[in-house]
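# Per-entry structural report
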Amino acid sequence: MNPIKHVAIIMDGNGRWGLKHNKSRNYGHTKGVEVIQKIVKYSIKKKIPTLTFYTFSTENWNRPKSEVDTLMSLLVQTLKDEFEDIFKNNIKLNAIGELDTLPDEVRDELDSIIQGTKDNTGMILTLALSYGGKQEIFKAVKEISEKVKNDIICLDNFDDSLINDHLY
């Protein structure tokens, strides 16, 4: 049995890598997708049950619009290109983050693959999109506060599991 239960990777530096190699930032992002493909294949081979890629942070929205547009297009194209392999490898795709801030085309493609793989029982592959750790904690505190205010939960029951239940 594999002792590794979950691998999470922060995708950072692809644009800088492209520039360092006298190419564009977008070239670096495209090469980053190739690395992800290799990591997924390796993780399947090693039977790693859960893999998360921190793909696009909330701070990434501050990048130039042209770069954000390229990243979103690259994401959509990659999802389309990889759907068959994702399904064939029994991977269940998930996405976390402020998904409602993503362009419609991205959300539609994500929803399609998430629905198409929801019954898969192999690796769980999660994409953190428009995601930030502070934003996730803020969302959890806000939801818990609302439930306390509306007498849905009582602070007498406050423990780790209550917080975990409100995280992505």
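Preceding block: the structure.
An account of the accompanying structure is given in this report. Sequence positions are assigned chain by chain, starting from 1 and proceeding in written order. pLDDT decides what is reported in this predicted model: residues at 70 or higher carry local features, side-chain atom pairs at 80 or more are listed and counted, and totals for whole chains, interfaces and linings draw on all residues regardless. The side-chain values count all of the structure's non-hydrogen atoms but skip hydrogen atoms and water molecules.

Buried residues of nine kinds, namely Ala, Val, Leu, Ile, Met, Phe, Trp, Tyr and Cys, make up a nonpolar core once their side-chain atoms join them within 4.5 Å. For each residue, the accessible area found with a 1.4 Å probe, counting protein chains only, is set against the maximum for its type, and the residue is called buried under 20%, exposed over 50%, and partly exposed in between. Among the nonpolar cores identified, the biggest contains 24 residues, and L93, L110, L127 and L129 are the most heavily contacted of them. Only DSSP runs of H or I reaching four residues or more are called helices, and only runs of E reaching two or more are called strands; each is numbered from the N terminus. Ranked by residues supplied to this core, first place goes to helix α3 (residues 65-88) with seven residues. Setting aside anything within four residues of it in sequence, one finds L110 in contact with L79, L93, A95, L102, L127 and L129. Two residues form a contact once any of their heavy atoms are found within 4.5 Å.

On to the packing of aromatic side chains. What characterises a pair of aromatic rings is the spacing of the ring centres plus the angle enclosed by the ring planes. Any Phe, Tyr or Trp ring, taking Trp's six-membered ring, that has another such ring centre within 6.5 Å forms a pair; planes under 30 degrees apart are called stacked, those over 60 apart edge-to-face, and the others tilted. Counted under the stated rule, the structure contains four aromatic pairs. In this scheme, Lys NZ or Arg CZ marks a charge over a ring once it lies within 6 Å of the ring centre and within 35 degrees of the ring normal. The ring of Y27 carries the charged tip of K23 above its face, separated from the ring centre by 5.3 Å.

Salt bridges are identified by distance alone: a Lys or Arg side-chain nitrogen within 4 Å of an Asp or Glu carboxyl oxygen. Going through the model one piece at a time under the given rule, you end up with eight salt bridges. For E34, the salt bridge goes to K31, with nearest N and O atoms at 3.3 Å. A residue pair is termed a helical-turn pair when its members lie 3 or 4 positions apart in one helix, as E34 and K31 do in helix α2 (residues 25-45) at three residues. The partly exposed category is assigned to E34, whose relative accessible area is 35%. For the salt bridge of R107 with D104, the shortest nitrogen-to-oxygen distance reads 2.6 Å. Remark: D104 and R107 occur in helix α4 (residues 104-117); sequence separation between them is three residues, near one turn of the helix.

Our focus in this paragraph is unusual backbone geometry. Although it is not a glycine, N90 sits at a positive phi angle of roughly 60°. Its identity is not glycine, yet S130 carries a phi of approximately 50°, on the positive side. Within the element layout of this structure, S130 appears in strand β4 (residues 124-131).

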